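Chain residues, written in single-letter form:
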Amino acid sequence: MTTRRSFLGLLSAPLAVSVAWPRLGNTLAARPASRMPAEFGALRDEAYWRELRTQFTIPTTDAFFNTATLGSSPRAVQEAVLTSLQHIDRDIADWDYKGDSENFFTGYYPEMAYRDQLGTVLNCAGRDVALTQNATFGMNFVANGLDLRPGDEVVVTDQAHPGGRKGYDLRAKRDGIVVRQITVPAPAASPDQLIDLYLAATTSRTRVWAIPHISSSRAIRYPVARLCALARERNIWSVVDGAQSLGHIAVDVQALGCDAFYASPHKWMLGPKGTGLLYVRPDRQEELWATLPSSAWDNETDPMFRLMQYGTGNLSLLIGLGVAADFHNQIGSGRIEQRDVALAEQLRTGLAAIPGTVIVSPTHPDLTCGTTVYGLKNRTGGEIQDYLWSRGRIRVRSMGDPVGVRHACHIYNSPEEVDKALALLGEMAG
Ligand SMILES: Cc1ncc(COP(=O)(O)O)c(C=O)c1O
């Protein structure tokens, strides 16, 4: 059987990242860095993905296509969290609470080691990242932290997830800002169409463009780099909701050129549940006030630490998040994106051959990703969800009617699972 350690070794070839276990004292620090066994080069692609699948604890009888809601962490992440939890509860009396010894909680320290690890995923410095609990925290820290005045405007899409929007709605009710909503056609036709919608909703009072990187309900991949460049020319904050993109498609916040990017690593990055991040471009960090102030709310040397002032938190989750970042980097974000998109292309091609299928997510190649949203004529989303589960233990998520279901392909899925889903959908449609 392949162990966690040997698999990290298998994966370490192209992007060697040493697995760091900060703050665990002697308990785990002795673990060796990843090594690359010779047989790796001989693994063909499908063999690689089959090997990777053994690192997940989802039963092999189940096909899990709902990562867009919540990911399944690999064994390495689960073990790191559990081992740390046990260590903390067992050895808590050892904790002398002196400055340079191991800590047993989070909330009062900059946690730069973990921020650096996330920086390697996002291609930025760790000091430009704040650790949060999820994407919703990140959105709210921007929406609430900006000095917005009555009449200032924010552009949002009608498809924004509540966790990508409601902070602005609160400011509208409380402070009189104006939230301008774009209506995005389904399916969205082209990147230009989306850009035109943002530009048409923009006025001289516009201060923020709230941009989904990939939208939750329709799985549209937005032309984020182009939108951010246009926002910059107009001195508008470009705030990117990365809840559906981080860990799914390659994210490089510097190449995107965004002012802010927030995400939930517990989805596609397969981190522990209840972890999040917020990146803010260095030259704009000072424009944000802290929303939850505690001791370092006004820290001038580490502006993003000001946004991590929410009191005691769970160190074990952070340790697991660091392992998830390593796991992700060892596979490589480009390779993950290619795999997810290839599985989704297989699905979309098969769906197009099933009579009565309506694909609601885009088919324009620049707007697609690993998630597809589709329906079947005369079938509700709930019926499709239940049929796939009861007949094939295939888990997709209903998006309500008349839309259908959201089918998210990720690295633990296989071409065989996609074919099995297509066969059942064909049966249903027939
Ligand atoms: C696009 C988008 N933004 C924000 C969120 C909120 O994420 P969380 O609940 O992890 O804060 C989600 C969750 O599904 C989402 O899909």
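Before reading further, recall that the structure is shown in the block above.
If you're wondering where the values come from, they're calculated on a predicted model, not measured in any experiment.

A. Molecular detail of the overall build of the protein. When helices and strands are counted, the protein shows 14 helices and 13 strands. Looking at the protein as a whole, 56% of its 430 residues qualify as buried. Within the protein, contacts between residues at least 6 apart in sequence are counted, and of these 71% link residues at least 24 apart. When the accessible area of the protein is evaluated, it comes to approximately 17600 Å², of which 52% is carbon and sulfur surface.

B. Representation of the pattern of salt bridges within the structure. The final tally for this structure, using the stated rule, is 19 salt bridges. Between R339 and E46 there is a salt bridge whose closest N-O contact spans 2.8 Å. Within this pair, whereas R339 is found in helix α12 (residues 333-352), its partner E46 is found in helix α3 (residues 45-53), the two being separated by 293 residues in sequence. Salt-bridge contacts for E427 lead to R391; the nearest nitrogen and oxygen are separated by 3.8 Å. In this pair, E427 is assigned in helix α14 (residues 415-429) and R391 in helix α13 (residues 381-392), connecting sequence segments 36 residues apart. With relative accessibility at 46%, the residue E427 sits in the partly exposed group.

C. Geometry of the state of the cysteines. Under the counting rule described, the total for this entry stands at zero disulfides. Cysteine C228 shares no disulfide, and the gap to the nearest cysteine sulfur, in C258, comes to 5.2 Å. By relative accessible area, which is 0% here, C258 ends up buried.

D. Structural detail: the sheet that holds strand β7 (residues 260-263). An order of β2-β8-β7-β6-β5-β3-β4 is seen for the seven strands of this open sheet, with the pairing classed as mixed. The two strands at the open ends of the sheet, each matched to only one other strand, are β2 (129-132) and β4 (178-182). Taking the axes of each pair of neighbouring strands and ignoring which way they run, one obtains an average angle of 20° across the sheet. Each of β2, β6 (237-241), β7 and β8 (276-280) is contacted by helix α6 (residues 135-145), which is oriented at about 150° to β7, the strand it contacts most.

E. The site of the ligand, seen in detail. In the vicinity of the ligand, the residues found are N134, A135, T136, H161, G163, S216, D241, A243, Q244, S264, H266 and K267. With respect to the ligand, the side chain of D241 contributes an N or O atom lying 2.6 Å from a nitrogen atom. In the model, an oxygen atom of the ligand is placed 2.6 Å from a nitrogen or oxygen of the K267 side chain. Notes on the ligand: free accessible area 390 Å², of which the protein chains cover 87%. Residue classes in the shell around the ligand are distributed as two nonpolar, eight polar and two charged.

F. Local environment of the packing of helix α8 (residues 191-200) against helix α9 (residues 224-233). The interhelical angle for the contact between α8 and α9, taken along N-to-C directions, is 25°, at an axis separation of 10 Å. Taken together, the axis directions place α8 and α9 in an arrangement best described as roughly parallel. As α8 runs across α9, the sense of the crossing is right-handed. The segment α8 lies against α9, with P191, D192, I195, Y198 and L199 engaging R226, L227 and L230. The residue makeup of the contact of α8 with α9, split by class, is six nonpolar, no polar and two charged.

G. How the structure looks around helix α5 (residues 112-122). Taken together, the buried positions of α5 are Y114, R115, Q117, L118, G119, V121 and L122. Elements that come into contact with the buried residues of α5 comprise β2, α10 (253-256), β7, β8 and α11 (315-331). Trailing α5 by a residue or two, N123 shows a phi angle of about 60°, which is positive.

H. Region of interest: the sheet that holds strand β9 (residues 357-359). Spatial strand order, β9-β10-β13-β12: four strands in an open sheet with antiparallel pairing. Strands with a single pairing partner mark the edges of an open sheet, and in this sheet they are β9 and β12 (397-398). Bridge count between strand β10 (residues 371-376) and strand β13 (residues 405-408): four bridges; the pairing is antiparallel. What sits directly across from V373, in β13, is R406.

I. Inspection of the nonpolar core at higher detail. Counting 77 residues, the largest nonpolar core has L122, Y168, F261 and L278 as its most contacted members. The leading source of residues in this core is α11, at seven residues. Once residues within four sequence positions are removed from consideration, F261 is found in contact with L122, H213, V240, G242, S245, V251, V253, L256, L277, L278 and Y279. Listed in part, the 23 residues of the second largest apolar core include I384, C409, L424 and L425.

J. Quick look at the environment of P355. Structurally, the position occupied by P355 is in the loop between α12 and β9. Considered as a pair, P355 and G426 are 71 residues apart in the sequence and their alpha carbons are 8.1 Å apart.

K. Structural view of the pairing of β2. Residues V129 and L131 line one face of β2 and the alternating positions A130 and T132 line the opposite face, and both faces are buried. Note: β2 against β8, four bridges, orientation antiparallel. If you follow T132 over to β8, its bridge partner there is G276.

What counts and what doesn't
- Residues numbered from 1 in each chain as written.
- Predicted model: local features only at pLDDT ≥ 70, side-chain atom pairs only at ≥ 80, totals over all residues.
- Heavy atoms only, no water.
- Helix = DSSP H or I, 4+ residues; strand = E, 2+ residues; numbered from the N terminus.
- Buried < 20%, exposed > 50% of the residue type's maximum accessible area, 1.4 Å probe, protein only.
- Contact = heavy atoms within 4.5 Å.
- Areas by Shrake-Rupley, 256 points an atom, 1.4 Å probe, with all protein chains shown as cover.
- Salt bridge = Lys/Arg side-chain N within 4 Å of Asp/Glu carboxyl O.
- Disulfide = S-S within 2.5 Å.
- Pairing = 2+ DSSP bridges.
- Axes fitted to C-alpha atoms, helices over the stretch in contact; angles between N-to-C directions.
- Near = heavy atom within 4 Å.
- Polar contact = N/O pair within 3.5 Å; in protein donor to acceptor, adjacent residues only side chain to side chain.
- Nonpolar A, V, L, I, M, F, W, Y, C, P; charged D, E, K, R; others polar.
- Parallel < 35°, antiparallel > 145°, perpendicular 65-115°, else oblique.
- Left-handed = near helix turned anticlockwise from the far one by under 90°.
- Core = buried A, V, L, I, M, F, W, Y, C linked by side-chain atoms within 4.5 Å.

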